[in-house]
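Remarks on the overall topology
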Amino acid sequence: MSHFNRERIPERVVHAKGAGAFGYFEVTDDITQYTKAIVFNKIGKRTDIAVRFSQVIGELGSADTVRDPRGFAIKFYTEHGNWDLTGNNTPVFFVRDPRLFPKFIHSQKRNPSTHEKDANAFWDFITLEEETVHQVMIVFSDRGIPNGFRRMNGYGSHTFKLVNATENAVYCKFHYKSDQGVEGLPTDVAAQLAGTNPDYSIQDLYRAIESKQYPSWTFYIQVMTFEQAEKFQFNPFDLTKVWPHAEYPLIRVGKIVLNRNPVNYFAQVEQLAFNPAQMIPGIEPSPDKMLHGRLFAYGDTQRYRLGVNHLQIPVNCPYKTRVKNYQRDGLMTVTDNQGGAPNYWPNSFSGPEPNPAFSDPSFKVSGDVARYNSTNEDNFSQPTIMWTKVLKEDERERMVDNIAGHVINAQDFLQERTITMFGKVHRDFGEMLREALNKLKATTR
C-alpha cells in the first residue's frame, strides 16, 4: 500500500498529456557549411531519437482532440551528448516575452474560484496582449485540431544559432514537415471523438507504429546571416513572427522516422524529460528572450518532477557518450556516482578539464541594456498576410466560426475587444466575427 500511495509523480504544468515513440534521424543533405554539430556531420548518418508529442494546456485526463497547440519535442542521442529540440506544431507562439508566459498559461487554465475553463480570462489576456493574434489565428484555423500526431508539422519555433568548424555562425530555424501530410479535424468530429475516444491521438500513433506504418517527417532549416539579421524588417528573434520562405528558403537536411513504440509508458514517456538548454557543439541559443526563459525553466521543471538526477533515468541518459563532470550525489543517484574521481576543480588528479574545442565562440554586442516593453512591436503585419494571402475564403469562414463559438462564452465587453483586435488584422475579419456572434446570439434567445 505504501508503494501504491506513491505511484504518481507531479504532472507537467504544461504539455501534461502526450504520446512518445522512438526511431532515428538520418542525414540526407550536407549542411556542414553551417554547423559542426556531430548529428549532421555526414550524409547517411543515423542518430537515435526519442520524440514526445503533447497538448499544451490540457491536463493528463484531457481529451486528445481539443483545440490547442501540440508539442513536438525531439531528443537526439549523439556522441557529444543529448540534444533536445523542444518545439510545437506551429512556427510561432502566443508571446515573445518570457515574463508573460506564466500569466498567459494561467489565463488558459482553470478559474481559481470555479475551477472551470474560463472564456473571460482567455479573451481578456489575448485582447490585452495583441502579440498573441498570430498564434490565435493558427489555433482557430483548420490546423487547430490536428488529426493525430502523425499528420502535423513540427517546428523548433525559436531562432537558434549554428556554428561551423571554422567558428563562423549563422542564425537558423528548424522545421519538420509531415510526410503523411497535414490534416485537421473538423470541430464537430473532434467534439464527438472527445467523448467517444479521448485518447484518439495516442492510439493512432501507437497502432500505426505497431502495424509498421512508420510515420516520418522531412527535416529542414532556414538560415539567416548576422548581416541579414541586422537589416531584417522585424526582430529576427521574435517568437510571434515567421521568417518569410521567399527570403529565407527551406534547406532540406534529413529525415525523422519513428519505428518503435515504448515498452512501458511511465518509464519511457512520462519520465522522458526535455530541456532546450541541452545542446551539442555547433548548436547554440540566439538572443531570443523566450528561448532564454525556457533554457532555465525546462531543466528546473524536470528537477521538480523527477529529481536532480533525472538525467540518470535510462530514457534521459546520454548513453552515446560518458559523462564526466563535478556534479555528485543528490536524491536517487543510481550510477556509480563517478566513483572516486575528484569532485572539485581545479585538481591535480586527472579530473576532466575544459576542452577549448567545445567552447562557445565570441560575438559582439552593443547598445543599452534595459527592460524593454515590446508589446506593440508590429503585431498585425504577418497576421494580415495570413488572412489575405494564406487562407482561402472557406478557411476564413471556418476560422471566424471557431472564434465566435468560443468568445460567445465571454462577457460582452470582451467580445467587443476581440472584434476590434481582429479588425486590426483586416476590416472584413472584424465584420465577419461580429456577424457570426450576432447569429449565435439570435439562435440562443
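Everything below is about the structure shown above.
To keep things clear, this report deals only with the structure shown in the data block. Once a new chain begins, its residue numbering starts again from 1 and follows that chain's sequence as written. Local features in a predicted model are, by the rule used here, given only for residues with pLDDT of at least 70; side-chain atom pairs are given and counted only at 80 or more, and totals for whole chains, interfaces and linings are based on all residues. Side-chain measures were taken over the full set of non-hydrogen atoms in the model, leaving aside hydrogen atoms and water.

Of the regular secondary structure elements, the protein chain holds 12 helices and 10 strands. In summary, the protein chain has a C-alpha radius of gyration of 23 Å against a globular reference of 22 Å for 445 residues, a match within 12%. Each principal axis of the C-alpha atoms in the protein chain carries an extent, and together these give about 80 × 60 × 45 Å. Relative accessibility under 20% of the residue-type maximum defines a buried residue, over 50% an exposed one, and the middle range a partly exposed one, all with a 1.4 Å probe and only protein chains included. Scored against the burial criterion, the 445 residues of the protein chain give a buried share of 51%. Should any heavy atoms of two residues lie within 4.5 Å, those residues are considered in contact. Of the contacts formed within the protein chain by residues at least 6 apart in sequence, a portion of 74% connects residues at least 24 apart. Each charge class in the protein chain was averaged separately, 52 positive and 51 negative side chains, and the resulting centres sit 3 Å apart. Helix numbering and strand numbering both begin at the N terminus, where a helix is a DSSP run of H or I of at least 4 residues and a strand a DSSP run of E of at least 2. With C-alpha atoms as the basis for the radius of gyration, the globule rule is written as 2.2 Å multiplied by the number of residues raised to the power 0.38. Residues scored as positive are Lys and Arg, those scored as negative are Asp and Glu, and His as well as the terminal groups of each chain are ignored. Charge coordinates come from a single atom per side chain, which is NZ of Lys, CZ of Arg, CG of Asp or CD of Glu.

Checked against the element boundaries, Thr301 lands in helix α8 (residues 289–306). Owing to a relative accessible area of 28%, Thr301 belongs among the partly exposed residues under this scheme. Counting along the chain gives 241 residues from Thr301 to Leu60, while the straight-line C-alpha distance between them is 16 Å.

This part covers the pairing of strand β3 (residues 70–78). Among the 9 residues that make up β3, 9 are buried, leaving the element largely enclosed by the rest of the structure. Here β3 shows no split at all, with Arg70, Phe72, Ile74, Phe76 and Thr78 on one side and Gly71, Ala73, Lys75 and Tyr77 on the other all buried. Strand pairing is assigned whenever DSSP detects at least two bridges linking the two strands. Judged from the 8 bridges that link them, β3 and strand β4 (residues 81–88) form a sheet pairing that is antiparallel. Following the sheet pairing, Tyr77 is matched in β4 by Asn82. Linking β3 back to β4 in an antiparallel pair, the connection comprises 2 residues.

Of note, Arg150 is situated in the loop between α3 (133–139) and β5 (154–155). Classification of Arg150 by relative accessible area gives buried; the value is 10%. Polar contact criterion, stated in full: a pair of N or O atoms within 3.5 Å, where within protein one must be able to donate a hydrogen and the other to accept it, and residues adjacent in sequence count only if both atoms are side-chain atoms. For Arg150, the side chain forms a polar contact with the side chain of Asp204, separated by 2.8 Å. Contacts of Arg150, omitting those with residues within four sequence positions, involve Ser178, Gln180, Gly181, Asp204, Leu205, Ala208, Pro215 and Trp217.

To continue, consider the packing of aromatic side chains. Between the rings of Phe, Tyr and Trp (Trp by its six-membered ring), a pair exists once the centres lie within 6.5 Å; its type follows the angle of the planes, with under 30 degrees stacked, over 60 edge-to-face, and the other angles tilted. Using the criterion set out here, one finds 32 aromatic pairs in the structure. Between Tyr171 and Phe226, the ring centres sit 4.4 Å apart and the planes meet at 15 degrees, which makes this aromatic pair stacked. Taken together, the positions of Tyr171 in strand β7 (residues 169–178) and Phe226 in helix α6 (residues 226–231) put the pair 55 residues apart, joining distant regions of the chain. Residue class for Phe226 comes out partly exposed when judged on its relative accessible area of 27%. Counting every residue linked through ring pairs, the aromatic cluster contains Phe25, Phe40, Phe53, Phe72, Phe76, Trp83, Phe149, Phe160, Phe174, Tyr176, Trp217 and Phe219.

Here, a salt bridge means any side-chain nitrogen of Lys or Arg that lies within 4 Å of a carboxyl oxygen of Asp or Glu. Inspection of the entire model under this criterion finds 27 salt bridges. Of the charged contacts in the structure, one is a salt bridge between Asp204 and Arg151, with a shortest N-O distance of 3.7 Å. Here Arg151 lies in the loop between α3 and β5 and Asp204 lies in helix α5 (residues 200–210), a separation of 53 residues in the sequence. We classify Arg151 as buried; its relative accessible area is 16%. Salt bridges here are not isolated pairs; linked through shared partners, they connect Arg96, Glu131, Asp238 and Lys241.

What follows covers the side chain of Asn153. Along the chain, Asn153 falls in the loop between α3 and β5. Of the polar contacts made by the side chain of Asn153, one reaches the side chain of Tyr155; its length is 3.4 Å. In terms of polar contacts, Asn153 uses its side chain to reach the backbone amide nitrogen of Ser178, at 2.8 Å. Not counting residues up to four positions away in its chain, the partners in contact with Asn153 are Phe72, Asn88, Asn89, Arg143, Tyr176, Lys177, Ser178 and Val182.

Our focus in this paragraph is a nonpolar patch on the surface. A grouping of Leu331, Met332 and Val334 is seen on the molecular surface, where their side chains present a nonpolar patch of about 360 Å² in accessible area. Following the sequence through the fold, Val334 ends up in the loop between α8 and α9 (381–390). Of the residues examined, Val334 reaches a relative accessible area of 55% and is grouped as exposed. Patch definition: residues above 30% relative accessible area lacking any salt bridge, with like charges linked at up to 9 Å and the nonpolar side chains Val, Leu, Ile, Met, Phe, Trp and Tyr linked at up to 5 Å. Per-residue and other accessible areas follow the Shrake-Rupley method at a 1.4 Å probe size, with only the shown protein chains counted as cover for residues.

Relative to the elements of secondary structure, Gln222 occurs in strand β8 (residues 216–224). The class of Gln222 is buried, set by a relative accessible area of 1%. Between the alpha carbons of Gln222 and Pro244 there is a distance of 9.6 Å; along the sequence they are 22 residues apart. Those residues in contact with Gln222 that lie beyond four places of it in its chain are Tyr171, Cys172, Lys173, His175, Trp243, Pro244, His245, Tyr248, Pro249 and Leu250. At a separation of 2.8 Å, a polar atom in the side chain of Gln222 contacts the side chain of His175. From its side chain, Gln222 meets the backbone oxygen of Tyr248 in a polar contact 2.7 Å long.

Turning to the nonpolar core, a few remarks are in order. Buried residues of nine kinds, namely Ala, Val, Leu, Ile, Met, Phe, Trp, Tyr and Cys, make up a nonpolar core once their side-chain atoms join them within 4.5 Å. In terms of nonpolar packing, the biggest core is built from 42 residues, with Trp123, Met137, Met399, Phe422 and Phe429 touching the most fellow members. Contributing elements (two or more residues each) for this core: α1 (101–108), α2 (119–128), α3, α9, α10 (393–407), α11 (412–425) and α12 (427–443). Not counting residues within four places of it along the chain, the set of residues in contact with Phe429 comprises Met137, Trp387, Met399, Val400, Ile403 and Phe422. Of all hydrophobic cores here, the second largest spans 39 residues; its members include Tyr34, Leu85, Ile209 and Ile256.

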